[in-house]
Amino acid sequence: MTHVPADGSAPVLDDNGSGTAQLTSEVLRNALVVAAEEASIVVVRSAFSTFVVEGSDASAAILDKDGRLIAHSMATTLMNSMALSVAVPFLLADIPLDTMRPGDVFATNDAYKGGVHTNDILIFKPIFVEGAVEYFTATLIHVSDIGGASAGGMASLATEIFAEGLQLPPVRIAGADGLEEPIMRILALNSRTPDKVQGDVRALIAGASTAAKRVEELIEEYGVQGFADGVHDYLDYTEVLTRAAIADLPAGTYRSHYTIDDDGVTSLRGHRVQVAVTIGDRDISLDFEGTDRQVAAAVNSSISQSLAAAVFAFRCFVDPTIPMNDGCLRVLDVNLPEGTLVNAQSPYPCGGRFLPAYAAMEAVLQALSDAVPERAIAASGILQPFSIAATTAPYWVHLAYEFGGVGARFGKDGPDATGIHFGLGRNSVPQVEPVEVRCPLVVEEVEYIADSGGSGRWRGGLGTRTVFRLLSDAYVTTRGDRLETGPRGRDGGSSGVTGAFKKRTLDGNTVVLNSKVNNELFLAGESFVVETSGGGGIGNPFERPVEYVLDDFDAARITADGARRDYGVIVTAKGDLDSAATDARRKTLHD
């Protein structure tokens, strides 16, 4: 067994220093990660919803009876695995451990009890060890539709959670004898796509059952105590690794904030999420006190999503290679005040949870960037979700996201069109061909937007433009942000260029839509245009090496006008560098 010293130094092995115990626990850790990953793959291959099947958006986790995160699927989302962990205590408050029976499976989507939002269903399967529940396997996906004001869980203008769809408290959804048909009928009755919802739930149960079988096999292989000791050891070792990484950070308190452009409903602008990051010797405090109060609009987050955002930002900045489990979480003290944008209370809507969650993530990243400038990252374009849905039965729904550019990192340009994100996994943007087969639309354009990355010594990543031409009348719903104020640059770098949602009408006109619209009618033949924002830049743009600017021009990442305007580099009509003009312009701009 591995014993972790109180001072956080390297673990001590009681097997004469051979490392056998640590090796065993590491093998076990990887086996559990594989079990969770297999569960998520089972869900994807069994699901009915287009976004899950084509976008491979499914999550799975293995937890102990207290909700501690033991392992989660590697292609998953931290947003979802954190929800699965946070929800367990709420599940047990409603359904005590001693009332559970072998074969039971439980479901919930309660955003105020660890959930995400109404369209995300969480499934939990208890694992019994010597007659008592010791562990849970869990799965989660965004089901196709569960009611509400707009198809696909995209009620962008909701003022209360009741407009966002059916709420399901922790309930037993299956037992040893099979599915709880009354619960399945309730889900079906509240969905525009009842067959898909029921199929999705069966897929979630299949995934959780697969993971449970793998965990039971591992318990049999290692023995009850051996399994428990192995889990204990690797969680402790993860804690050691995390505390060691913190030791490299400068002690002190660093403050930052990020704002949401608008909420789509009220006249309020610039909803603010702020954080104070306090770095100690062996732990870190993330205090979101001072964040704006929750609003009657879909720009609030449930506690699990804000916690996930804070943890994600911390991990990415400190050391993303450290295993993600409870051992990593032990070093963090996160304060998310109730009744604020980052910890909404009923009945405030939570469907737009990623807006304050991403703002929280950016605030943490910027505070840590102030602490360690040589690791700094500028703000990024975020996912821009939307749905395209049938106006009448039979219903079809295309739910998707497009990504903006990542902010520049100190020493590196930001990647294009990937968006720094903790909310999605695998291939989360569905491929064109399957979408066109399943839905009456044609994807006419998918391209980078030149000049959209914030200029700087290191350039922000590019945003994208995607054009959908509708083959039948449809409702479009959007839930965007950073479309009015582009992602901020740092240290002299420029902000990323803002994106937009647009309608190309039948008469050829282009209409810019609000960032948050609900059920905007598009006629057959009209086109829906999604443009995402670029990432912010870092450093003085006129200190960017000329050869880098020319490389960007040759790759069509910037135009000749952009090279001149943003970097002071003059490119001739033939695409060659005008050295004299460039030197003169850069000198003038520097002066």
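Everything that follows concerns the structure shown earlier in this document.
Residues numbered from 1 in each chain as written. Predicted model: local features only at pLDDT ≥ 70, side-chain atom pairs only at ≥ 80, totals over all residues. Heavy atoms only, no water.

### Considerations on the side chain of threonine 238
Here is the rule we go by: For helices the rule is a DSSP run of H or I covering at least 4 residues; for strands it is a run of E covering at least 2, with both sets numbered from the N terminus onward. For every residue, the accessible area obtained with a 1.4 Å probe (protein chains only) is divided by the maximum for its type, and the residue is called buried under 20%, exposed over 50%, and partly exposed between those limits. It only takes one pair of heavy atoms within 4.5 Å for two residues to be counted as in contact.
Relative to the assigned elements, threonine 238 resides in helix H6 (residues 224-246). Classification of threonine 238 as buried rests on a relative accessible area of 2%. The residues touching threonine 238, leaving out its near neighbours within four places in the chain, are Ile322, Pro323, Asn325, Gly327 and Cys328.

### Let's talk about the packing of helix H5 (residues 194-222) against H6
Convention followed: Axis angles are defined between N-to-C directions and span 0 to 180 degrees, where every axis is a line fitted to C-alpha atoms and, for a helix, only to the segment in contact. With respect to orientation, any angle under 35 degrees is reported as roughly parallel, any angle over 145 as roughly antiparallel, any angle of 65 to 115 as roughly perpendicular, and every other angle as oblique. When residues are sorted by character, Ala, Val, Leu, Ile, Met, Phe, Trp, Tyr, Cys and Pro go into the nonpolar class, Asp, Glu, Lys and Arg into the charged class, and all the rest, Gly among them, into the polar class.
Relative to each other, H5 and H6 sit at 110 degrees, their axes nearing to 6 Å. Comparing the axis directions of H5 and H6 gives the class roughly perpendicular. Residues Val215, Leu218, Ile219 and Tyr222 of H5 touch H6, and the partners they reach there are Val224, Gly226 and Phe227. Here the residues of the contact of H5 with H6 sort into six nonpolar, one polar and no charged.

### Remarks on unusual backbone geometry
Keep in mind that most residues, glycine aside, have a negative phi and that most peptide bonds are trans. Look at the link from serine 346 to proline 347: it is a cis peptide, with omega at 5 degrees. For proline 347, the position within the fold is in the loop between strand S13 (332-335) and helix H9 (354-371). Phi is positive for alanine 417, which is not a glycine, with a value near 55 degrees. Mapping alanine 417 onto the fold places it in the loop between strand S15 (397-402) and helix H10 (432-438). In this structure, arginine 482 takes a positive phi of about 55 degrees despite not being glycine. Tracing the backbone through its elements, the reader meets arginine 482 in the loop between strand S18 (474-479) and strand S19 (500-504).

None of this, on its own, says anything about what the molecule does.
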